[in-house]
Amino acid sequence: SDLSAASLLRPAFFGRLAGRASARLRSRASSRPAKPRTFCAVASSDEQQVRDLLKRIHTYRPDDESYFELWKGWTCRPSGNPASQEMMKAMMDSKDVTGVSGDLIDIKMLDFSEDRTMAYSAVVASASFSYKGTPNDDVYVFTNVFKKVDGVWETVWGHRSTGRSPDEDPPAPWP
């Protein structure tokens, strides 16, 4: 049979991630009041809901506060250092980072666990911003991991590659 690397890794990866996330969610559920969800994809299928969420979290403009309301998980930055939603917001709110905008260029991969409670994606996106006065115009790859919580898809993990110039060849090859 023809099994892809992704299909071989899927059960182990999602099982470990879901187990850890579930334990954290159970421990937090009793200590905090529930927050209302600010974004709910209005699509009929899980795939369309995740595609809509990908579009929203990878297309943003300066002073777009909804990005941080949509992003529920951690991000591993190009440096390799993980950052929580609160840490990312503080970094983006600092005077060092200005003029932030981004666009989703392409969804290269999107797959779901068999029970449709977890999903992962790889996208190509762009970001423009200035850091300490130095302009940046990046094209990057971002890997997202999603979990369906109470019927709504949420981000639980993301990893951003180092950016490249829009003039360089696009990231490739893709499976």
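Please refer to the structure placed before this passage.
Here goes a summary of the coordinates provided.

### Side note on the overall build of the chain
Secondary structure summary: the chain contains four helices and six strands in total. Listing every helix and strand of the chain by position from the N terminus yields α-α-α-β-β-α-β-β-β-β. Every one of the 175 residues in the chain was classed for burial, and the buried ones make up 36%. For the chain, long-range pairs separated by at least 24 residues make up 57% of all intrachain contacts whose partners lie at least 6 apart in sequence.

### Points about the packing of aromatic side chains
Taken as a whole and assessed by the stated rule, the structure comprises two aromatic pairs. When the centroid spacing of 5.5 Å and the interplanar angle of 75 degrees are considered together, the rings of phenylalanine 112 and tryptophan 153 count as edge-to-face. One end of the pair, phenylalanine 112, is in strand β3 (residues 97-112); the other, tryptophan 153, is in strand β6 (residues 152-160), and 41 residues separate them in sequence. By relative accessible area, which is 5% here, tryptophan 153 ends up buried. Here the basic side chain of arginine 116 rests over the ring of phenylalanine 112, its NZ or CZ set 4.1 Å away from the ring centre. Across from the ring centre of tyrosine 140, 3.8 Å away, lies the NZ or CZ of arginine 160, which sits over that ring.

### Concerning the pattern of salt bridges
Applying the stated criterion across every chain yields a total of six salt bridges. The residue arginine 51 makes a salt bridge to glutamate 47 at a minimum N-O spacing of 3.0 Å. Taken together, the residues arginine 51 and glutamate 47, both in helix α2 (residues 46-58) and four residues apart, mark about one turn of the helix. By relative accessible area, arginine 51 is classed as partly exposed at 31%. Overall, glutamate 47 belongs to the partly exposed group, its relative accessible area being 34%. Two residues, aspartate 93 and lysine 89, come together in a salt bridge whose shortest N-O distance is 2.9 Å. Placement of the pair is aspartate 93 and lysine 89 together in helix α4 (residues 85-93), with a separation of four residues, close to one helical turn. For aspartate 93, a relative accessible area of 48% translates into the label partly exposed.

### Quick look at a negative patch on the surface
Together, Asp137, Asp167, Glu168 and Asp169 make up a negatively charged patch on the protein surface. Classification of glutamate 168 as partly exposed rests on a relative accessible area of 44%.

### Quick notes on the pairing of strand β5 (residues 134-149)
Summarising the sheet, strand β4 (residues 118-131) and β5 pair through 14 bridges and their orientation is antiparallel. Looking at β5, one finds that alanine 125 is bridged to tyrosine 140. Hairpin connection of β4 to β5: two residues between the antiparallel strands, including lysine 132 at a positive phi of 50 degrees. Where β5 lies against β6, eight bridges are found, and the strand directions are antiparallel.

### Brief notes about the environment of threonine 155
Checked against the element boundaries, threonine 155 lands in strand β6. Separated by 80 residues in sequence, threonine 155 and threonine 75 place their C-alpha atoms 9.7 Å apart. Setting aside anything within four residues of it in sequence, one finds threonine 155 in contact with Ile57, Leu70, Trp71, Lys72, Gly73, Val145 and Phe146.

What counts and what doesn't
- Residues numbered from 1 in each chain as written.
- Predicted model: local features only at pLDDT ≥ 70, side-chain atom pairs only at ≥ 80, totals over all residues.
- Heavy atoms only, no water.
- Helix = DSSP H or I, 4+ residues; strand = E, 2+ residues; numbered from the N terminus.
- Buried < 20%, exposed > 50% of the residue type's maximum accessible area, 1.4 Å probe, protein only.
- Contact = heavy atoms within 4.5 Å.
- Phe/Tyr/Trp six-rings, centres within 6.5 Å; stacked < 30°, edge-to-face > 60°.
- Lys NZ or Arg CZ within 6 Å of the ring centre and 35° of its normal.
- Salt bridge = Lys/Arg side-chain N within 4 Å of Asp/Glu carboxyl O.
- Patch = residues over 30% accessible without salt bridge, like charges linked within 9 Å, V, L, I, M, F, W, Y side chains within 5 Å.
- Areas by Shrake-Rupley, 256 points an atom, 1.4 Å probe, with all protein chains shown as cover.
- Lys, Arg positive; Asp, Glu negative; His and termini not counted.
- Charge placed at Lys NZ, Arg CZ, Asp CG, Glu CD.
- Pairing = 2+ DSSP bridges.

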